[in-house]
Amino acid sequence: MDSRRCQCKYCSMKMSAPIGAQTISCPRCQSVTQLQPPRNNNGFANGVINNVMTAVNTGFSARPGRMNPNANNSRPQQFNMSPQISMRPPAVHGRKRAVLCGITYRGHSKSLKGSINDVLSMRYLLVQKLGFPNASVLVLTEDEKDPCKIPTKGNIRSALRWLVHGCQPGDSLVFHYSGHGTRVRDRDGDEVDGHDESLCPVDFETEGRILDDEINHTIVRPLPRGATLHGIIDTCFSGTFLDLPFMCRINRAGYFMWEDHRISTYKGTRGGTAISISACDDHQNSGDTTAFTGFPTGALTYSFIKTLEQETKLTYGRLLMSMHNKIHEAQKGVGMNGANETQEPQLSASEQFDIHSKMVAL
């Protein structure tokens, strides 16, 4: 049957529609797109097509961040500040949405083993345990057959815009990242420690990294009052990965205090709540480990999932302490390669609160 190329009106997925069809249902987001009649040769082109999104370690191995010192580390990263977004999330019940990104960097000298395992485990938690509709969980890994779901820089950017587009009060959003992270010199003076944090897309050596400034601008600042974003960030140098205004410091006895990381640039939301749970402090390495399951997983991802599954009446304080204890036990049992002897999960937020009195449900 003859067909013509078209794209989903809502998620921009490329599709083939039979000649003469008036509508088509998107296999990705299940939305129905009204098709325009074919144009003559002097008509419009198909338009601008936007990509929506474009093994076993032994022991506890670090995820070193500086994979290539010459790969765009020294020059400032530019990102599109335009608020215009060419897609919208699928209409799903429950107002829950997630982007899960896991990158192994296959073929690279510093490839990772556990990133895809992390993403699959997180998807299972969200869908099977926490009520996220499967259609509203967007997964980006190198295993995906759809080229729009390979974790390139362009696809990750589009996925983050998809995550928050049309966000309303009552929405629960999750961004999970498992991969390499780096530190680069802060160029705009908005970092307390003088460094920006960044994630490394699969094509970072040619396209560059994505800085925390851009991540904050894309998924933190648009959050309206009543909406919640949780970032679960399993990478090195990730303490302030979402660039949130406040950083929580907690000791082993449970005493905590908040650090104010505001300098000159507003890093908060439009009234919503943003929480980042990250693998380690900004100067530390995170790790993959086989200690928990026998196959490689990110220490932060595994300890986060197991704590949510095992604990009742959980608070953020209890979550931090439980994850720290699980990771500490894994490190004692198998050791750790890398510059740091400890990996301490961190909590940062868009507002200060008593971490022992509440936890916002995902």
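As annotated in an unreviewed UniProt entry, the chain is Metacaspase-3-like from Nicotiana tabacum.

A. Quick look at the overall build of the chain. Across its full length, the chain carries six helices and 18 strands. Per-residue burial for the chain yields a buried fraction of 55% across its 362 residues. For the chain, the exposed area adds up to about 16200 Å²; of that, 48% sits on carbon and sulfur atoms.

B. Seen up close, the sheet that holds strand β11 (residues 210-211). One open sheet accounts for three strands, arranged β9-β10-β11; its pairing is antiparallel. Both edges of this open sheet fall to β9 (181-185) and β11, since each of them pairs with a single strand only. As defined by bridge partners, β9 adjoins strand β10 (residues 195-199) across five bridges and the pair is classed as antiparallel. By the bridge assignment, Val184 is partnered in β10 with Asp196.

C. Structural detail: helix α5 (residues 299-310). Between its terminal C-alpha atoms α5 stretches 16 Å, which fits the 16 Å expected from 12 residues at 1.5 Å a residue. When we look at burial in α5, the residues that qualify are Ala299, Leu300, Thr301, Ser303, Phe304, Ile305, Thr307 and Leu308.

D. Quick look at the environment of Ala279. Along the chain, Ala279 falls in the loop between β15 (273-278) and β16 (287-289). Distance from Ala279 to Ser303, taken between C-alpha atoms, is 9.9 Å for residues 24 residues apart in sequence. Contact partners of Ala279, with chain neighbours within four places excluded, come to Ile233, Asp234, Thr235, Ser238, Ser286, Leu300, Gln343, Glu344 and Pro345.

E. Seen up close, the packing of helix α1 (residues 115-129) against α5. Packing of α1 against α5 leaves a shortest axis separation of 10 Å and a crossing angle of 20°. Viewed along their axes, α1 and α5 adopt a mutual orientation that is roughly parallel. Note on packing geometry: the crossing formed by α1 with α5 is left-handed. From α1, Asp118, Ser121, Met122, Leu125 and Lys129 reach across to α5, where they touch Thr301, Phe304, Ile305, Leu308 and Glu309. Of the residues that constitute the contact of α1 with α5, the class distribution is five nonpolar, two polar and three charged.

F. Geometry of the pairing of strand β6 (residues 96-102). Burial analysis of β6 places seven of its seven residues in the buried class, which makes it a mostly covered element. The alternating pattern of β6 places Lys96, Ala98, Leu100 and Gly102 and Arg97, Val99 and Cys101 on opposite faces, both of which are buried. The sheet contact formed by β6 and strand β8 (residues 172-178) spans seven bridges and is parallel. Among the inter-strand pairings, Arg97 is bridged to a residue of β8, identified as Leu173. Viewed along the sheet, the connection from β6 through α1 into strand β7 (residues 137-140) turns out right-handed.

G. Seen up close, the packing of aromatic side chains. For the structure shown, the criterion picks out four aromatic pairs. In this structure, Arg97 is placed above the aromatic ring of Trp162, and the distance from its NZ or CZ to the ring centre is 5.9 Å. If you follow Lys358 out to its NZ or CZ, it ends over the ring of Phe353, 4.8 Å from the centre.

H. Main features of the environment of Leu320. Looking at where Leu320 falls in the secondary structure, it is placed in helix α6 (residues 316-334). According to the relative accessible area criterion, Leu320 is buried, its value standing at 5%. Once the C-alpha coordinates of Leu320 and Ser303 are considered, the two residues, 17 residues apart in sequence, prove to be 9.6 Å apart. With near-sequence residues (within four places) excluded, Leu320 lies in contact with Ile250, Pro345, Gln346 and Leu347.

I. Main features of the environment of Thr206. Relative to the assigned elements, Thr206 resides in helix α3 (residues 204-207). Counting along the chain gives 53 residues from Thr206 to Lys153, while the straight-line C-alpha distance between them is 9.8 Å.

About the criteria used
Residues numbered from 1 in each chain as written. Predicted model: local features only at pLDDT ≥ 70, side-chain atom pairs only at ≥ 80, totals over all residues. Heavy atoms only, no water. Helix = DSSP H or I, 4+ residues; strand = E, 2+ residues; numbered from the N terminus. Buried < 20%, exposed > 50% of the residue type's maximum accessible area, 1.4 Å probe, protein only. Areas by Shrake-Rupley, 256 points an atom, 1.4 Å probe, with all protein chains shown as cover. Pairing = 2+ DSSP bridges. Expected span 1.5 Å × (residues − 1). Contact = heavy atoms within 4.5 Å. Axes fitted to C-alpha atoms, helices over the stretch in contact; angles between N-to-C directions. Parallel < 35°, antiparallel > 145°, perpendicular 65-115°, else oblique. Left-handed = near helix turned anticlockwise from the far one by under 90°. Nonpolar A, V, L, I, M, F, W, Y, C, P; charged D, E, K, R; others polar. Right-handed = clockwise from strand over helix to strand, strands pointing away. Phe/Tyr/Trp six-rings, centres within 6.5 Å; stacked < 30°, edge-to-face > 60°. Lys NZ or Arg CZ within 6 Å of the ring centre and 35° of its normal.

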